[in-house]
Amino acid sequence: LSTYTVTSNYISVANNTVSTVYNGIVVNSVKGGLTITNNPLISVERNKTFGLVGNVSSVANYTRTGIKLTNCFGATVANNPNINSVGTAAITAANYNKLIGVFYTNSFGGQVNCNTVSNTGQCFVFKAYCKNSWFANNMSTSYQGLVLSNSGFIGQQGAPTGTQNL
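Residues numbered from 1 in each chain as written. Predicted model: local features only at pLDDT ≥ 70, side-chain atom pairs only at ≥ 80, totals over all residues. Heavy atoms only, no water.

Caption draft 1: Here's a closer look at the environment of I36. Looking at the secondary structure, you find I36 in strand 4 (residues 34-37). Leaving out residues up to four positions away in the same chain, I36 has contacts with V13, I25, V27, I67, L69, T76, V77, A78 and N80. (Helix = DSSP H or I, 4+ residues; strand = E, 2+ residues; numbered from the N terminus. Contact = heavy atoms within 4.5 Å.)

Caption draft 2: Main features of the sheet that holds strand 5 (residues 41-45). Strand order in the open sheet made by the five strands is 2-5-8-11-14, with parallel pairing throughout. Since the sheet does not close on itself, it has two edges, and those belong to strand 2 (17-21) and strand 14 (138-140), each with one partner. On average, adjacent strands in this sheet sit at an angle of 15° to one another, irrespective of strand direction. (Pairing = 2+ DSSP bridges. Axes fitted to C-alpha atoms, helices over the stretch in contact; angles between N-to-C directions.)

Caption draft 3: Inspection of unusual backbone geometry at higher detail. Here the phi dihedral of S29 falls at roughly 55°; this positive angle occurs in a residue that is not glycine. S29 sits in the partly exposed class, given a relative accessible area of 38%. (Buried < 20%, exposed > 50% of the residue type's maximum accessible area, 1.4 Å probe, protein only.)

Caption draft 4: Structural context of the side chain of T70. Within the element layout of this structure, T70 appears in strand 6 (residues 64-70). Look at T70 and you get buried, because its relative accessible area is 17%. The residues contacting T70, other than those within four sequence positions of it, are V27, N28, S29, T105 and S107.

Caption draft 5: Up close: the nonpolar core. By size, the foremost hydrophobic cluster in this structure holds 22 residues, and its most contacted members are V27, I36, I67, L69, Y104, F124 and F126. Taken together, the elements giving at least two residues each to this core come down to strand 3 (23-28), strand 4, strand 6, strand 9 (99-105) and strand 12 (122-129). With three residues, the single largest contributor to this core is strand 12. With residues near it in sequence (within four places) discarded, F126 still touches Y104, V112, W134, L146, V147, L148, S149, G152 and I154. (Core = buried A, V, L, I, M, F, W, Y, C linked by side-chain atoms within 4.5 Å.)

Caption draft 6: Geometry of the side chain of T120. Looking at the element boundaries, T120 is found in the loop between strand 11 (116-118) and strand 12. Filtering out sequence-adjacent residues up to four positions away, T120 remains in contact with N84, S85, I91, L99, G101, T141, S142 and Y143.

Caption draft 7: Examining a nonpolar patch on the surface more closely. A cluster of nonpolar side chains, namely M139, L146 and L148, defines an oily patch on the protein surface of about 250 Å² accessible area. Here M139 shows up in strand 14. Residue classification places M139 among the partly exposed residues on the basis of a relative accessible area of 34%. (Patch = residues over 30% accessible without salt bridge, like charges linked within 9 Å, V, L, I, M, F, W, Y side chains within 5 Å. Areas by Shrake-Rupley, 256 points an atom, 1.4 Å probe, with all protein chains shown as cover. Salt bridge = Lys/Arg side-chain N within 4 Å of Asp/Glu carboxyl O.)

Below, the structure is given as structure tokens:
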């Protein structure tokens, strides 16, 4: 197993419309140079259970994410104006943690800013060590907004004299 370290802005996921999917953008083990920006729509389908036989409409056992980063370093997720979930299946206490807008796991050294997440169970989830700059994100019509899970850590946010853009 090898890891490739890339230079600034070497891998860019930009200007895409991703709709009615199980998972939108999923990235694993990228060390530097990743930007996920200016994607006008990332929409997760909460009714269908892809890959399963039968009429299954529950999302209770299947996590769906708009943007998911795992074991990444120095990534920028910014200016994605419409990350959401669609469908008639209700977001409830049984499934809210399975519909996630932006999900970071052990991904640090980057920034998450100017994204809008709505109609999800959880807007932003940071699991484990995720020291990133997090600012100017909008969250609405969701079960939970910002979630620090499983010893989630994003570091100090804002300036010592004020907390602009949080």
